[in-house]
Amino acid sequence: MKKLFGITAVVLSLSALAFADESGLLDKNAGIVTKPSKYSVNETIDRVEASAKGVGANIFNRIDYQEMSKKVKVDIRPNQLIIFGRGAGGPYIIKEAPLAGIDIPFKALAWEDSQGKVWLSYTNGSYIDKRYSVKGAAKYVVNIDETIEKIMSEALK
């Protein structure tokens, strides 16, 4: 029984490492939230777009990396990025910490792993606060966290 438990633990840890290599999920300091999606990559991003528009966000761009990869004859799994924002809190954060403009506007990435499972990954506002030591605009970070979670939860329903 102990041997079976030990083997199971090793297999699970190796699975986690393989998953971490593919997605970076094991780096808890990365500030990236990753949640499973029951939809295709395209439908997941469609749902994020609809949900973001539902809270008054602008859609700045949508990038289909798989489609782009075909132009250079590289075969990748489905992978799409959406860039969005309302412009409500971001300007206050960028005023205080101009480098935050690299993380704002917000982005969400839907991607398919090697097992065919679709994931939705995004940066949360708390990470931006931590990364850029935002002090004066901290109240906007809380609002951003709530808004991002609302958008992502709605999209994944």
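Each chain has its residues counted from 1, running along the sequence as written. Residues qualify for local features only when their pLDDT is at least 70, as the model is predicted, and side-chain atom pairs are given and counted only at 80 or more; totals for whole chains, interfaces and linings, by contrast, use all residues. Heavy atoms throughout the structure, all of them, feed into the side-chain values; hydrogens and water do not.

Visitor: Just to check I follow, could you spell out unusual backbone geometry for this structure?
Guide: For residues besides glycine, phi is generally negative; the peptide bonds are generally trans as well. Backbone torsion omega between I104 and P105 reads 5°, so that peptide bond is classified as cis. Under the scheme used here, helices are H or I runs from DSSP no shorter than 4 residues and strands are E runs no shorter than 2 residues, and both carry numbers assigned from the N terminus. Secondary-structure assignment places P105 in the loop between α4 (90-96) and β4 (106-112). Unlike most non-glycine residues, K73 shows phi in positive territory, near 60°. Examined against the element boundaries, K73 turns out to sit in the loop between α3 (65-71) and β3 (79-85). Here the term buried applies to any residue with accessible area under 20% of the maximum for its type, exposed to any over 50%, and partly exposed to those in between, with areas from a 1.4 Å probe on protein chains only. On the basis of relative accessibility, which here comes to 77%, the residue K73 falls in the exposed class.

Visitor: Is there a simple way to think about the layout of surface pockets in this case?
Guide: A volume near 250 Å³ is recorded for the largest pocket. Among the elements of the structure, β3, α4 and α6 (138-156) are those that each provide at least two residues to the lining of the largest pocket. Per-element accounting of the lining of the largest pocket gives the leading share, 5 residues, to α6. Within this model, the second largest pocket holds a volume of roughly 190 Å³. Considering each element in turn, the lining of the second largest pocket owes the most residues, 4 residues, to β4. Looking at the lining of the second largest pocket residue by residue, the class counts come to 10 nonpolar, 2 polar and 3 charged. Buriedness of a pocket was judged along seven lines, with at least five required to meet protein on both sides within 12 Å; pockets are open sets of points on a 1 Å grid over the protein atoms alone, cavities are sets where a 1.4 Å probe fits but cannot get out, and lining residues have an atom within 4 Å of a point. Grid points are joined across faces, edges and corners, and a volume is the space filled by probe spheres set on the points. Gly is put with the polar residues, along with every residue not named as nonpolar or charged; the nonpolar set is Ala, Val, Leu, Ile, Met, Phe, Trp, Tyr, Cys and Pro, and the charged set is Asp, Glu, Lys and Arg.

Visitor: Is there a simple way to think about helix α5 (residues 125-132) in this case?
Guide: An α-helix turns once every 3.6 residues. As a result, residues three or four positions apart point the same way. By the burial criterion, the buried members of α5 are G125, Y127, I128 and Y132. One side of α5 carries all its buried residues, which in axial view fall inside an arc of 155°. One or two positions beyond α5, positive phi appears at S133, with a value near 50°. What the arc covers is the set of directions going from the helix axis to the C-beta atoms.

Visitor: It is not clear to me how the nonpolar core should be interpreted in this structure. Could you clarify?
Guide: Grouped burial of nonpolar side chains is what soluble globular proteins tend to show. We define a nonpolar core as any set of buried Ala, Val, Leu, Ile, Met, Phe, Trp, Tyr and Cys residues linked to one another through side-chain atoms lying within 4.5 Å. Residues V48, F84, I93, A108, L120 and M152 are the most contacted members of the largest nonpolar core, which totals 30 residues. Those elements that place two or more of their residues in this core are α2 (41-54), β3, β4, β5 (118-123), α5 and α6. Beyond its immediate stretch of four places on either side in the chain, L120 contacts V33, T34, K35, T44, V48, A108, L109, A110, M152 and L156. By definition in these notes, contact holds between two residues if any of their heavy atoms fall within 4.5 Å.

Visitor: Is there a simple way to explain the sheet that holds β3 in this structure?
Guide: At least two DSSP bridges between two strands are required for those strands to pair. Strands sit in the order β1-β5-β4-β3-β2 across an open sheet of 5 strands; the sheet is antiparallel. The open sheet has two edge strands, β1 (32-37) and β2 (58-64), and neither has a second partner. On average, each strand axis in the sheet is inclined to that of its neighbour by 20°, with strand direction left out of account. Relative to β4, β3 is paired through 6 bridges, and the arrangement is antiparallel. Within β4, the residue paired with I82 across the bridge is A108. Along the sheet face, α2 touches β1, β2, β3, β4 and β5 and points at about 5° away from the line of β3. Axis lines are fitted to C-alpha atoms, over the contacting stretch for helices. Their N-to-C directions set the angle, which ranges from 0 to 180 degrees.

Visitor: Quick question: what am I supposed to make of the confidence of the model for the protein here?
Guide: As a general rule, the predicted coordinates of low-pLDDT regions are not to be interpreted in detail. In this model, the protein carries an average pLDDT of 82, and 81% of its residues clear a pLDDT of 70 or more. Highest mean pLDDT in the protein belongs to α2 (98); lowest belongs to helix α1 (residues 2-23) (43). Scored below 50 in pLDDT, residues 4-21 makes 9 contacts in the model with residues more than four places away or belonging to other chains. Each residue gets a pLDDT score, which is the predictor's confidence in that residue and runs from 0 to 100.

Visitor: Help me understand the packing of aromatic side chains in this model?
Guide: Ring pairs (aromatic) are described by centroid distance and by the angle formed between their planes. For this analysis, a ring pair means two rings from Phe, Tyr or Trp (six-membered ring only for Trp) whose centres lie within 6.5 Å, classed as stacked if their planes differ by under 30 degrees, edge-to-face if by over 60, and tilted for the remaining angles. Per the counting criterion, the structure on display carries 1 aromatic pair. Between the aromatic rings of W111 and W119, the centroid separation amounts to 6.2 Å while the plane-to-plane angle is 25°, which identifies the pairing as stacked. Comparing W111 with W119 shows no difference in burial state: the two are buried. A ring is considered to have a charge above it if a Lys NZ or an Arg CZ atom is located within 6 Å of its centre and within 35 degrees of its normal. Its guanidinium or amino end placed over the ring of W119, K117 lies 5.8 Å from that ring's centre, counting from NZ or CZ.

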